[in-house]
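Summary of the model geometry
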Amino acid sequence: MAQIDGIKNKLDPGKPLDKNIYELDSEELKSVPSTPGSLKDSLEALRKDHDYLLEGGVFSEELIQTWIDYKTANEIDEIALRPHPHEFHLYYDS
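Let me sum up the structure you'll find in this document. (Residues numbered from 1 in each chain as written. Predicted model: local features only at pLDDT ≥ 70, side-chain atom pairs only at ≥ 80, totals over all residues. Heavy atoms only, no water.)

A few words now on the overall build of the protein. The helix and strand tally for the protein stands at six helices and zero strands. Listing every helix and strand of the protein by position from the N terminus yields α-α-α-α-α-α. Taking 12 Å as the expected radius of gyration for a compact globule of 94 residues, we find that the protein reaches 19 Å, considerably beyond that expectation. Judged by the C-alpha coordinates and their principal axes, the protein covers about 60 × 40 × 15 Å. Taken over 94 residues, the protein has a buried fraction of 12%. Accessible surface, the protein as shown: approximately 8400 Å² in total, 56% of it carbon and sulfur. Charged side chains in the protein number 10 positive and 20 negative. The centres of these two groups are separated by 4 Å. (Helix = DSSP H or I, 4+ residues; strand = E, 2+ residues; numbered from the N terminus. Rg over C-alpha atoms; globule rule 2.2 N^0.38 Å. Buried < 20%, exposed > 50% of the residue type's maximum accessible area, 1.4 Å probe, protein only. Areas by Shrake-Rupley, 256 points an atom, 1.4 Å probe, with all protein chains shown as cover. Lys, Arg positive; Asp, Glu negative; His and termini not counted. Charge placed at Lys NZ, Arg CZ, Asp CG, Glu CD.)

Even without being glycine, lysine 10 reaches a positive phi, approximately 50°. If you trace the backbone, lysine 10 turns up in the loop between α1 (2-8) and α2 (26-30).

Right, let's get into the side chain of aspartate 5. For aspartate 5, the location among the structural elements is in helix α1. No salt bridge is formed by the buried aspartate 5; its nearest oppositely charged neighbour, lysine 8, is found at 5.8 Å. Aside from chain neighbours lying at most four places away, what touches aspartate 5 is Leu11 and Tyr52. (Salt bridge = Lys/Arg side-chain N within 4 Å of Asp/Glu carboxyl O. Contact = heavy atoms within 4.5 Å.)

Here it is, written out as structure tokens:
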């Protein structure tokens, strides 16, 4: 659906990046487009922009909202309530 939306709206995917991103300095790295860095960021992006998924009746508003709510409650919130294994290492390992 995203690809069809891009074609329909004549979105430019940008030029290919023929550089190793791990070797770029911080100034060059700022100009490199990126995707969301976490599930929480991804769901927020989906919440803000999902009209393209509604076209053609493939997905409904209710389905998208249910998916966002489910992932938030069962993954993001569940993980946020528990200590990360690294926290155990920092505070409880000898």
